[in-house]
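# Architecture and fold: a report
Next come the chains, spelled out residue by residue.
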Amino acid sequence: MDNRNLQGILLTTLGGICWGISGSIGQYLFSVEGMDAHWLVPIRLGCAGIILLLYSLLRGQSILSPWKNRQEAVELVVYGLLGVSFCQYLYFRTIQLSTAGVATILQDLSPIFILCITCYVQRRGPKFLEILSILLALVGVSLITTHGDWMSLIGNDSGSSGGVSMAALVTGILSAFTVVIYNLAPVRIMRKYSIFMLQGWAFLMGGVFFSIAFHIWTYRYVPGFFGFLGIIGVVLIGNVLAFPLYMSGVRLIGADRGILYGFSEPISAALIGTLCLHTPFTLYDGIGFLCVFLMLALISVNGQREEKRKAEERYGKEK
């Protein structure tokens, strides 16, 4: 495995781990500190955007450059607002309408959509290892999220039928589509501009949009000391670190592989829950971990095969 692929794998995996840590902090903020997602999401997005744009300015970058080209500006809005920002809102909204398990599983349908788009663009059918990797990932995440208790997926707003509500299904599936958007949309701008600057604009757009949409100035909530620490944690770990790490990795290894390495998110969240929140670690968790690790091994093997095939093609052309 060459350095480019290894670096991409490490970056996307670290990004997923940061999301897992941030999710655990977010669970604490919602359940213990009594925060509302409509209040927290705009604040975390806005603060993270300001931090990353200031960092870009200190590095001497022209942060207004993407807005001077119409095509790049449109791509930035699609990526930043419809992709990154709406992803965060829809994920938290799905949690409120159901459970964290439902939200995680529905959002993790995104690799299926990405595989479909990749196959369409490349005009080919899905490979056996690709399908097997996605199935292993979905089974693993489902087991880790539910601990084998499928009834835990039933949300508070499920309705009398006992299933997941239609509203939760809609927001959850839409969150999966937003993951596809921010993985596949920024082709032009990702090649030209710094990840930190692009993420800064993405977060700032979302912060401004949702602040206006949710009228956060009407909220009378004032966080305590640990609430402030939690906000700092989700901003720095879940936004400032996670997204730039993950997107840097995607730029190196592609969205179809990067999104599967991002499944380190539920693993890290489960480990934090077991070690810090004293969540029981069950046999189903162990099977889920095994499924995800098998998935990672499969895509690594598949990636090495692709590298070997491309190297042989280059060698043949040179001869």
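Thresholds applied
- Residues numbered from 1 in each chain as written.
- Predicted model: local features only at pLDDT ≥ 70, side-chain atom pairs only at ≥ 80, totals over all residues.
- Heavy atoms only, no water.
- Helix = DSSP H or I, 4+ residues; strand = E, 2+ residues; numbered from the N terminus.
- Buried < 20%, exposed > 50% of the residue type's maximum accessible area, 1.4 Å probe, protein only.
- Contact = heavy atoms within 4.5 Å.
- Areas by Shrake-Rupley, 256 points an atom, 1.4 Å probe, with all protein chains shown as cover.
- Core = buried A, V, L, I, M, F, W, Y, C linked by side-chain atoms within 4.5 Å.
- Expected span 1.5 Å × (residues − 1).
- Bend = angle between axes of the 7 residues up to and from the residue.
- Polar contact = N/O pair within 3.5 Å; in protein donor to acceptor, adjacent residues only side chain to side chain.
- Phe/Tyr/Trp six-rings, centres within 6.5 Å; stacked < 30°, edge-to-face > 60°.
- pLDDT = per-residue confidence, 0-100.
- Patch = residues over 30% accessible without salt bridge, like charges linked within 9 Å, V, L, I, M, F, W, Y side chains within 5 Å.
- Salt bridge = Lys/Arg side-chain N within 4 Å of Asp/Glu carboxyl O.
- Axes fitted to C-alpha atoms, helices over the stretch in contact; angles between N-to-C directions.
- Parallel < 35°, antiparallel > 145°, perpendicular 65-115°, else oblique.
- Left-handed = near helix turned anticlockwise from the far one by under 90°.

A separate point is the overall build of the protein chain. Each helix and strand counted, the protein chain has 13 helices and zero strands in total. Walking the protein chain from its N terminus toward its C terminus, one meets helices and strands in the order α-α-α-α-α-α-α-α-α-α-α-α-α. Per-residue burial over the protein chain gives 50% buried out of 319 residues. Pairs at least 24 residues apart make up 86% of the contacts formed inside the protein chain by residues separated by at least 6 positions. Just so you have it, the protein chain exposes about 15600 Å², and 68% of that area is on carbon and sulfur atoms.

Let's shift gears to the nonpolar core. Grouped together as the largest cluster of nonpolar side chains are 73 residues, with contacts concentrated most on Tyr79, Tyr182, Leu260 and Met295. The leading source of residues in this core is helix H10 (residues 225–253), at 10 residues. The contacts of Leu260, once residues within four sequence positions are left out, are Pro111, Ser133, Ile134, Ala137, Met295, Leu296 and Ile299.

On to helix H3 (residues 70–97), then. Its 28 residues place the ends of H3 37 Å apart at the C-alpha level, agreeing with the 40 Å of an ideal helix rising 1.5 Å per residue. Where H3 bends most, the angle comes to about 40°, and this point is Phe86. The opening residue of H3, the one whose side-chain oxygen lies 3.0 Å from the backbone nitrogen of Gln71, is Asn69.

Turning our attention to the packing of aromatic side chains. By the definition in use, this model includes 17 aromatic pairs. Seen in terms of ring centroids, Trp39 and Tyr221 are 5.1 Å apart; in terms of plane orientation they differ by 75°. Their pairing is edge-to-face. Here Trp39, found in helix H2 (residues 37–58), pairs with Tyr221, found in the loop between helix H9 (195–214) and H10; they are 182 residues apart in sequence, far enough to count as distant. Ring geometry for Trp67 and Trp201: centres 5.5 Å apart, planes at 85°, overall edge-to-face. Taken together, the positions of Trp67 in the loop between H2 and H3 and Trp201 in helix H9 put the pair 134 residues apart, joining distant regions of the chain. What links up through ring pairs into an aromatic cluster is the set Trp19, Tyr182, Phe203, Phe243 and Tyr246.

Bringing unusual backbone geometry into the picture now. A negative phi angle is the norm for most residues apart from glycine, just as the trans form is the norm for most peptide bonds. Backbone geometry places Arg123, a non-glycine residue, at a positive phi of 55°. Note on placement: Arg123 falls in the loop between helix H5 (110–122) and helix H6 (128–146). Phi is positive for His215, which is not a glycine, with a value near 50°. With respect to the secondary-structure elements, His215 resides in the loop between H9 and H10. His215 sits in the partly exposed class, given a relative accessible area of 40%.

Mean pLDDT over the protein chain: 82, with 87% of residues reaching 70 or higher. Predicted confidence in the protein chain is weakest over helix H13 (residues 283–318), with a mean pLDDT of 71, and strongest over H9, with 94. Across residues 155–162 the pLDDT falls below 50, and counting only partners more than four positions away or on other chains, this stretch makes nine contacts in the model.

Once that is clear, we can look at the side chain of Asn183. You can see Asn183 is positioned in helix H7 (residues 166–184). Of the residues examined, Asn183 reaches a relative accessible area of 6% and is grouped as buried.

Our focus in this paragraph is a nonpolar patch on the surface. A surface patch of nonpolar side chains, about 590 Å² in accessible area, is lined by Ile51, Phe225, Phe226, Leu229, Ile232 and Leu236. Looking at the nonpolar patch, the element that brings in the most residues is H10, giving five residues. The topology assignment puts Leu229 in helix H10. For Leu229, a relative accessible area of 43% translates into the label partly exposed.

Turning our attention to the environment of Cys276. Structurally, Cys276 is set in the loop between helix H12 (264–275) and H13. Residues Cys276 and Ser24, spaced 252 residues apart in sequence, show a C-alpha to C-alpha distance of 9.5 Å.

Glancing now at the packing of H5 against H7. Here H5 crosses H7 at 50°, and the two axes come no closer than 8 Å. Between H5 and H7, the angle is such that the two are oblique. In this structure, H5 crosses over H7, and the sense of that crossing is right-handed. Contacts between H5 and H7 involve Ser110, Phe113, Ile114 and Ile117 from the former and Ile173, Ala176, Phe177, Val179, Val180, Asn183 and Leu184 from the latter.

As a further point, take the environment of Ile131. Structurally, Ile131 is set in helix H6. By relative accessible area, Ile131 is classed as partly exposed at 37%.

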